Structures are given as structure tokens and as C-alpha cells.
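Breakdown of the fold
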Amino acid sequence: MATLQPGQPAPTARPPSWKALGPPASLSPTSPFTASDRLLPHLPVPPLPQTLDRLLRSAGALARSDAELSELERKVSEFGKPGGLGERLQARLVERRDGEGRSSWLEEWWDDGAYMAYRDSVVINVSYFYGFYPPKEKLSVARYAAQIVRSALLFRRAMLRGELQPDTVGKAKQPICMDSYRFMFDASRIPSTSPADYVAVHRSPSSTSPVHVAVAHKGLWWALPATHGGEPDGGDVLETEEIEGALEEILRGAEGREDEAGVGALTAQDRDSWAADRARLLSSPPNAPALHALESAAFTLSLDASSPTPTPAGRSRHLWHAGERAQEVGNRWMDKPVQFIVWEDKEGGEGGRGVAARAGMMGEHSAIDGTPTVRLCDALLTTLSSPSFFSSSPSSPTTTSTTSPTQITFDLTPVRTSLPCAHEAFRALVDSQVLGYVRTRYGKAEIKRAGFSPDAWTQMVVQLAYSKLSPHPVGTYEAAQTRTFQRGRTECVRSASPEAVLWTSAMKDPASSVEERRKLFREAVERHGANMGAAGKGEGCDRHLFGLRKLLREGEKAELFEDPLYQRSGHWTLSTSQIWSPHFELYGWGEVVPDGFGVAYMVGADNHLQFTLTNRADVEVDGLKGQERNDAFARALLEASEEVWRLWLGWEKGEKAGERAKL
């Protein structure tokens, strides 16, 4: 088996079976953290009639005429007939599922189809961000960053030592697949056109070298040794004061210096341009160890010199767009699964007192989904609030010869013409994006009091809100995790169900009674729950249909896959997903189709629901464009949230239950 060469950057050409090169997440083969993975079942192949029925139901909700629906029904019937093309493709997929040496029939296809073969910049449609609430005490950038670095490395060490418990689901606390954790640290996506990108993990179970973090400030990069080494997991982590001293050294060294045209901007380009520029960098011998230092770092830390507008939207853009106008793009390495970003905030501190450090994380999504990094950040921020985290060493920053950072020096001659183009292209990219931030006046507590799932309630709010902007329901994607299976990641829940569409129509119909609206809402929520349950069991329709399409042979053609309604039903105008952490003020990512919205939301707070809305600035839909469209959707979400609240809880405020709702 091919391996990554110690001390060398990852190869440009993707190695065969690149995922097999990634070392395990735990160095202990008996660790409970990963021991359950091999006991999990393989991802199923659902029965073909079941998938086609799910497709018809969901796509039928979006039909704009009886003729359009009838045509789809005809093509589904033709595809699924006995002995037809659908059955032949199904047999091939079952054969693939049952093949030797494959943990998942989907994994390899999905890695490339959803991520590695994607050629635009990863920033908008692949990466995501979390913004942390401010620390309770006023901290300097170096102090807060040092705490984050130490806490993250303690998590890494505990993971590698097998001291962590696996993630679980359900009341029975069923362990789920932990495989993606091996791509969290010491990893980097590698741009390649031979044949596509991949993720390289520079962690060797036999290495006892210290672990380093790559630190960026004003477009320059440093390697900071952050552990003492001596053990395969990197050994003991430096104390906070030692890390702080090293970061202070970096900040002092850059005082009075203008920002460099940082090499990190190259990673924000489209993937083909970045692959070409990475090859150009490697044409100069000094750049090989420099690239390796960045790609092999446990994670990156960006110490930004600029401060965002002190609003949720301003801070979100700073995290997502490398500064509100991309001015910090040289301080990013967009290929890293974990980038911590720290800056001096204009409001700062609890209650907005003075100036203090704020922070967040940006993640590259191709080999690891959001739930593992939520766990990392939750553990990190919880650790920071624990008195046992802080060392007993002196409170003043200290450095030694072994902890002093080393500047990572590039020969930029081969990319002199590329760098300004990369900066300009990224500024244009972020200028093409609009971002809005919405919080409702109530949250999980009120929804639970009404007797509903907060997630299903919120999905119905999203459906009702969008119906205020458009006369037609649209394809809506909600991510459901399938980590109860080996190498499972996600499946799609199609939230725009027939039941949801009937309910939104009733909410807009003045003749509809409260009783009818409530009945339809309950049916829509129950359908959503059933669809979510099916998706979690690997029985959604989208991944299955994706697999069937992949098995078409030369000369085979399925009318179904070319049907306009079929295609529209999988055009994710609303791409939605939720995570939750009590430590997160911000969370978001980009729309996945040009005319769509990214809808990142959180439902875990008792007193509010939270949405981050993203869309293209230059695309007009239903007479609305850019910021105007984003603002209209934000207003519609607030209106819809109030209408649903009044439907179920407004009567407690004095309205009569039998009266027609005045919504």
C-alpha cells in the first residue's frame, strides 16, 4: 500500500484508495471510541418500489400541472416495470453492496460526486463556519487563542489515546460510526485533477515528534510546536502560558508590518487554479517543506488583524469570507478541516464592554461532516470554563527554545502573477454573496409546550416563509445523518412534502379554519418525522437514485432521470441543516444552487430559533434579488414563526379557540 512520505507534501496525483491511507482516529484498537464501527451494519439498498414511491410523493408536491405529474408517473412506471432498466440497475447496486472489501456501496461515489470532483472554490458551497459566544472574561487575542489551541490539542490527545466515548443516538445511546474523526486533525484537502481532490492525513502511529499548529498573521505563516513529543499521540500539550508566549512573539514580530499577499489566498481559488498553483509552488524546492508544514499541521490558527462590524452578520462574514471584504484571505488555508480564527472584537467582553478577543471555526467539509466538529468545539469551550484546564504555572506568557515558533517561508516567485488574481477572484466571490441573520422571539421551550419536535416545527416555518416569496413550492433538502451504518454520512429529507404543501396552502387561505390548519400542520409534522426516520435508516430516495444513475452503462438511457419534474425535485432551492451548541452564536454556509438559499438553523435554545440565510447577490427570483431577497425571506421567517406560534399557542393569550385564526 502506498503511504505518504514523512516530511514531504502530499502527492499531486491522488493515490488509489486514498482513504485507506488515513490512520485510525484512535491508536488503541480496543478503544470504545472506534470499537463499535466494525460491528455496525452496511448501508442498505432500499427496495426499488419503495424508493420510486417516495420519489413520486415528494416530486408530486412540486408539480405545477396535472400533465407534468402524469408524465413523471409514466416514466416512473416505465423505469420500475418488471424486467425493466430500473430492476437491472437495482441488481447491479445490490451486487456492489455485497462485494468483498467494501464498507459502503455509496462512500466512494459520494466522496467524488458531492465533494472531491467539485471544482469551484470550496469556501461557499463546501465550507462552513461556527462563531463562538464571547468568553466571560475580557481576554487578549494571544491569551484566548492559546486557550483554544491547548484545549483542542487536549481533545486530539484524548481521541488518539482512546479516552473518548463514541457519539451515540437515541434513548438507548446507540454508538454510531466514528470513522470520519480520523480526518479531523493533521489533515488537508489536496487539489488535484488526477483524477480529483482527496484528503491527506499526515499522522503516523510510529511518529513521536511534537505536534505543531500552523499560525497565520498578516498573511505570514508560522509553525508552532505545541506538544512535547515522545509519544505517538504527540505527548503532553504545552501549558497555556507557553503557547501564549509563542503567539505574543508572532504578534510582536509583525507590529508595523503591512499585510503580505499571503499564499493562503491561493487555496480560496477554484480547484483547478489552485491545483495548478500548488504544482507551480512545488517547482521551487524550498516550497515542499513549507507546504508540508501547513498540510500536516494539527490545525490552523488565524490571528486576524482586522475587526468585523460588531453584528452577527458582520462576524459571520468575517468567519466565512476571511474578513468582510476578504482582506484576511491570506490568513486562511481553506483546505484544512479545522481552522480556528481569533480577532480583537470592537465590542468585546460580556455585555459589550471594551475591546476583547472573539473566535470561531471554519471547516472544510469534504471528509468530515459538521457533527464531529461540533463535538470538538463543544468540548473545547466547555474545557475552557473548567478550573482544571488552567495550569499552575505563572500567569505571564513564557517561551523557550523548544516552543518558539518558526516562520514558514515560501518562495512565491512561481506564483507572483497568480496571487493578485487569487485575491481579486476571492473578493469578487464574496461580493457575490448575501448573508442575513434572524432570531425569533421564542424557541424550543414554547415548541415543546405545544407538543411538537422543534426541528419539524422549524422546517414547517421555513416552508411557510418561502411560500410568501414564491407561488410555487421548491425542492428542500434537510440533512439527516446515517452514521448508524459503517462509513455512513448523510441522507436527504425532502421537507417540501405533499402534507407540508397542503398546510402552507391552508395557512394562506382565508377560508381555512383553525381546526383544519391544525390538522394539516400535525399531518405535515408527522410526515416529516416519518421521512426523517426513514432517512436515518438509509431509506431516503436520493442516495439510492444517485447510486442507480451511477450504474448506467454506455448506451443505456433512463427517461426518468431527464424528466423536468424529477430534476426540479432535486434542485435544492432551500438547502437546510441544523446543529446545536450552547457555545455557538453563529453558524452558516452557502446556498448550493444559484437561485437558492442556504438555511443554517439552530433549535436548541429555549428562547429563540436562529437562522443564517445566504444567497447570491446577482440572481433574481420571483422579482427579488440579492439583499432585497434575503431581507424578504428574513421577514417572512419572522412572520411565519409568529403565525405558527399563534396557531398553537396564541389562544392562551386570550383568543378563543373556536375563532378563525387572524393570521
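Notes on the structure follow. Not measured: the values here are computed from a predicted model.

Considerations on the packing of helix H15 (residues 454–467) against helix H16 (residues 498–507)
Put simply, H15 and H16 touch, their axes get as near as 10 Å, and they point 55° apart. Comparing the axis directions of H15 and H16 gives the class oblique. Here H15 runs over H16; the crossing is right-handed. On H16, the residues touching Met-460, Gln-463, Leu-464 and Ser-467 of H15 are Ala-500, Trp-503, Thr-504 and Met-507. Across the contact of H15 with H16, the residue classes break down as five nonpolar, three polar and no charged.

Some details on the nonpolar core
Ranked by size, the top nonpolar core spans 70 residues in total, and within it Phe-79, Leu-281, Met-334, Phe-410, Phe-426 and Leu-560 carry the most contacts. In contact with Phe-426, other than residues within four places in its own chain, are Val-123, Ala-268, His-321, Ala-322, Ala-326, Val-329 and Met-334.

Some points on the environment of Ser-470
Here Ser-470 lies in the loop between H15 and strand S13 (476–481). Taking the relative accessible area as the measure of exposure, Ser-470 reaches 7% and is therefore buried. Between the C-alpha atoms of Ser-470 and Leu-586, which are 116 residues apart in sequence, the distance is 27 Å. Separated by 3.2 Å, the side chain of Ser-470 and the backbone nitrogen of His-472 make a polar contact. For Ser-470, the side chain forms a polar contact with the side chain of Asp-622, separated by 3.0 Å.

A word on the pairing of strand S12 (residues 433–439)
Two faces belong to every sheet, and in a regular strand the side chains alternate between them. By the criterion of burial, S12 is predominantly enclosed, with five of the seven residues buried. One ladder, built from seven bridges, connects S12 with strand S18 (residues 610–616); its direction is antiparallel. Looking across to S18, one finds that Arg-439 is bridged to Gln-610.

Topic: the side chain of Asp-111
Mapping Asp-111 onto the fold places it in helix H5 (residues 107–116). Non-local contacts of Asp-111, meaning those with residues more than four positions away in its chain, are made with Trp-18, Lys-19, Met-116, Ser-366 and Arg-489.

Things to note about unusual backbone geometry
Residue Pro-195 follows Ser-194 across a cis peptide bond; omega there is -5°. Examined against the element boundaries, Pro-195 turns out to sit in the loop between strand S4 (187–190) and strand S5 (198–201). Although it is not a glycine, Arg-487 sits at a positive phi angle of roughly 55°. Here Arg-487 lies in the loop between S13 and strand S14 (490–494).

Parameters at a glance
- Residues numbered from 1 in each chain as written.
- Predicted model: local features only at pLDDT ≥ 70, side-chain atom pairs only at ≥ 80, totals over all residues.
- Heavy atoms only, no water.
- Axes fitted to C-alpha atoms, helices over the stretch in contact; angles between N-to-C directions.
- Helix = DSSP H or I, 4+ residues; strand = E, 2+ residues; numbered from the N terminus.
- Parallel < 35°, antiparallel > 145°, perpendicular 65-115°, else oblique.
- Left-handed = near helix turned anticlockwise from the far one by under 90°.
- Contact = heavy atoms within 4.5 Å.
- Nonpolar A, V, L, I, M, F, W, Y, C, P; charged D, E, K, R; others polar.
- Core = buried A, V, L, I, M, F, W, Y, C linked by side-chain atoms within 4.5 Å.
- Buried < 20%, exposed > 50% of the residue type's maximum accessible area, 1.4 Å probe, protein only.
- Polar contact = N/O pair within 3.5 Å; in protein donor to acceptor, adjacent residues only side chain to side chain.
- Pairing = 2+ DSSP bridges.

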